[in-house]
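Next come the chains, spelled out residue by residue.
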Amino acid sequence: MFNVNNSILEHGFINEAISKEIDIIEAIKKLKKEKNAIILAHYYQTADIQDIADFVGDSLKLAQEAEKTTADIILFAGVNFMAETAKILNPTKKVLLPDTLATCSLAESAPYVDFKAFVDANPNHVVVSYVNSSTEVKAITDIICTSSNAVQIVNSISKDKQVIFGPDKNLGNYIQNQTGRELKIWQGACHVHKQFDLERIIELKNLYPDSKIVAHPECEKPVLIVSDFIGSTAAMLKFTQTDASKTFIVATESGILHQMQKAEPTKTFIAAPSTDRTCACNDCEYMKRITLTKIYLTLKYELPEIHIDESLRLKALQPIVKMLEISKLHGL
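All of the points below concern the structure found in this document.

## Structural notes on the pattern of salt bridges
The final tally for this structure, using the stated rule, is 14 salt bridges. Across the pair K35 and E302 runs a salt bridge whose closest N-O atoms are separated by 2.8 Å. Placement of the pair is K35 in helix α1 (residues 24–35) and E302 in the loop between α14 (292–301) and β16 (305–306), with a sequence separation of 267 residues. A salt bridge links K68 to E65; the shortest N-O distance between them is 3.6 Å. With K68 and E65 both in helix α3 (residues 59–68) and three residues apart, the pair spans about one turn of that helix. Ionic contacts of the salt-bridge type, sharing partners, join the residues K35, K94 and E302 into one network.

What follows is the structure, encoded as structure tokens:
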């Protein structure tokens, strides 16, 4: 789904030396203005990218922003399914992703052929797929959801209908608990959220007894059980702004801490540790593939570009439109 010029791209991105005399932030701002481009960045990006972006948000807000933008070029500082979603919503705009290897472990945990077989084996089910999925999977889905609206999406489905949910098993189990609905759940997971170390989180809680644990619903159930608040990245950010606590242990990708600290500079935010004892936090290696240098070169050459077959795009568009309509109805 990428327009790849092998004479320019190397290992999925433009690998070109940049003069040390270039002020890369100013150069990016200049290119954005010249090309009428917008940078959309996910909360899991590094702080420098979040600060240069035109809009920073979670998957739902990024999709909504992509739908309404008047820019000619959308550069996505995120992973591939996010850029593909932007292209699905904006077929006439140029959508760029600075590194084609910025994939998603959760989306890859549901290969199209296998997921289609799962859907075919469970006929007469409404298929709800997490936005963290490939375009091909979206195309065989009835309604897309994000962690911000998943409960509302499932609740919008008539109770006499059986529901398939994929690909995230942890979010699926959380939705079951919140809605009381029995779902047929695909057993996929995010490599970041499944690797939080419960024992080390409890040690942190003991060290900071007045802290609150906030967690993303993609986390494993034991982590959710000990959490004081569970929600999407946007919901977690809002909670830390409105709650009276001064210290928070945050169980999601550490990029969100930048926005939390900006919003509440007097509070303390601690990244929940992973099972990897060599790391104090738990980062997404794919999100972190995006850099300011890659953003600059991508804007300069307008590559790599997302391309989606029109018949596939139209199939994938319908469940996304349904999601956006339901979200609007619920004021999300």
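## Structural notes on the sheet that holds strand β13 (residues 229–230)
Paired through their backbone hydrogen bonds, the strands of a sheet run either parallel or antiparallel. In spatial order, the strands read β13-β12-β14-β15; together these four strands make up an open sheet with parallel pairing. Of all the strands in the sheet, the pair left with one neighbour each is β13 and β15 (268–271). Against the sheet, helix α13 (residues 256–263) makes contact with β14 (247–251) and β15, and its axis sits at roughly 175° relative to β15, the strand it touches most.

## Observations concerning the side chain of S232
Tracing the backbone shows S232 in the loop between β13 and α12 (233–242). Within polar-contact distance, the side chain of S232 engages the side chain of S148 at 3.0 Å. What S232 contacts, discounting residues up to four positions off in sequence, is D58, S147, S148, H216 and P217.

## Points about the packing of α12 against α13
Closest axis-to-axis distance for the α12/α13 pair is 10 Å, and the angle between their directions is 30°. Classified by the angle their axes make, α12 and α13 are roughly parallel. As α12 runs across α13, the sense of the crossing is right-handed. On the side of α12, the interface is formed by T233, M236, L237, T240 and Q241, while α13 contributes I256, Q259, M260 and A263. When its residues are assigned to classes, the contact of α12 with α13 shows five nonpolar, four polar and no charged.

## Some words on the sheet that holds strand β8 (residues 125–130)
Read across the sheet, four strands follow the order β9-β8-β10-β11 without closing on themselves; strand pairing throughout is parallel. Pairing within the sheet leaves two strands with one partner each, and these edge strands are β9 (143–145) and β11 (183–185). Each neighbouring strand pair of the sheet contributes to a mean axis angle of 30°, computed without reference to strand direction. Bridge count for strand β10 (residues 162–166) against β11 is three bridges, and the pairing is parallel. Among the inter-strand pairings, I164 is bridged to a residue of β11, identified as K184. Where helix α6 (residues 112–120) meets the sheet, it contacts β8, β10 and β11, and its direction lies at approximately 165° from that of β10. Sitting on the sheet, helix α9 (residues 169–179) is in contact with β8, β10 and β11, with an inclination near 170° to β11.

## Comments concerning the nonpolar core
Membership of the largest hydrophobic core comes to 104 residues, with the highest contact counts inside it found for I28, V250 and I295. When residues of this core are assigned to their parent elements, the largest contribution, seven residues, is made by helix α15 (residues 310–329). Counting residues in hydrophobic clusters, the runner-up holds eight residues, among them F115, F118, I164 and W186.

## Re a nonpolar patch on the surface
Taken together, the side chains of I202, I225 and V226 present a nonpolar region at the surface, about 240 Å² in accessible area. Looking at the element boundaries, V226 is found in the loop between α11 (221–225) and β13.

## Re the pairing of β8
In terms of residue burial, β8 counts as a mostly covered element, since six of its six residues are buried. Of the two faces of β8, the one carrying H125, V127 and S129 and the one carrying V126, V128 and Y130 are both buried. Looking at chain direction, β8 and β10 are connected through five bridges and run parallel. Along β10, the bridge assignment pairs V127 with I164. Taken together, the three bridges between β8 and β9 define a ladder with parallel strand orientation. Bridge assignment links V128 to a residue of β9, and that residue is I143.

## Points about α3
α3 sits mainly inside the fold: seven of its ten residues count as buried. Those residues of α3 that sit buried are S59, L60, L62, A63, Q64, E65 and A66. Where α3 is buried, its residues contact β4 (37–42), β5 (55–57), β6 (73–77), α4 (80–89) and α15.

## Re unusual backbone geometry
Phi is mostly negative for residues that are not glycine, and the peptide bonds are mostly trans. Of the consecutive residues G166 and P167, the connecting peptide bond is found in the cis state with omega at -5°. Relative to the helices and strands, P167 resides in the loop between β10 and α9. With omega at -5°, the peptide bond leading from L303 into P304 counts as cis. By the element assignment, P304 lies in the loop between α14 and β16. Positive phi, close to 50°, is recorded for N36, a residue that is not glycine. Relative to the elements of secondary structure, N36 occurs in the loop between α1 and β4. One non-glycine residue with positive phi stands out, namely E302, at about 60°.

Reading guide: rules and limits
Residues numbered from 1 in each chain as written. Predicted model: local features only at pLDDT ≥ 70, side-chain atom pairs only at ≥ 80, totals over all residues. Heavy atoms only, no water. Salt bridge = Lys/Arg side-chain N within 4 Å of Asp/Glu carboxyl O. Helix = DSSP H or I, 4+ residues; strand = E, 2+ residues; numbered from the N terminus. Pairing = 2+ DSSP bridges. Contact = heavy atoms within 4.5 Å. Axes fitted to C-alpha atoms, helices over the stretch in contact; angles between N-to-C directions. Polar contact = N/O pair within 3.5 Å; in protein donor to acceptor, adjacent residues only side chain to side chain. Parallel < 35°, antiparallel > 145°, perpendicular 65-115°, else oblique. Left-handed = near helix turned anticlockwise from the far one by under 90°. Nonpolar A, V, L, I, M, F, W, Y, C, P; charged D, E, K, R; others polar. Core = buried A, V, L, I, M, F, W, Y, C linked by side-chain atoms within 4.5 Å. Buried < 20%, exposed > 50% of the residue type's maximum accessible area, 1.4 Å probe, protein only. Patch = residues over 30% accessible without salt bridge, like charges linked within 9 Å, V, L, I, M, F, W, Y side chains within 5 Å. Areas by Shrake-Rupley, 256 points an atom, 1.4 Å probe, with all protein chains shown as cover.

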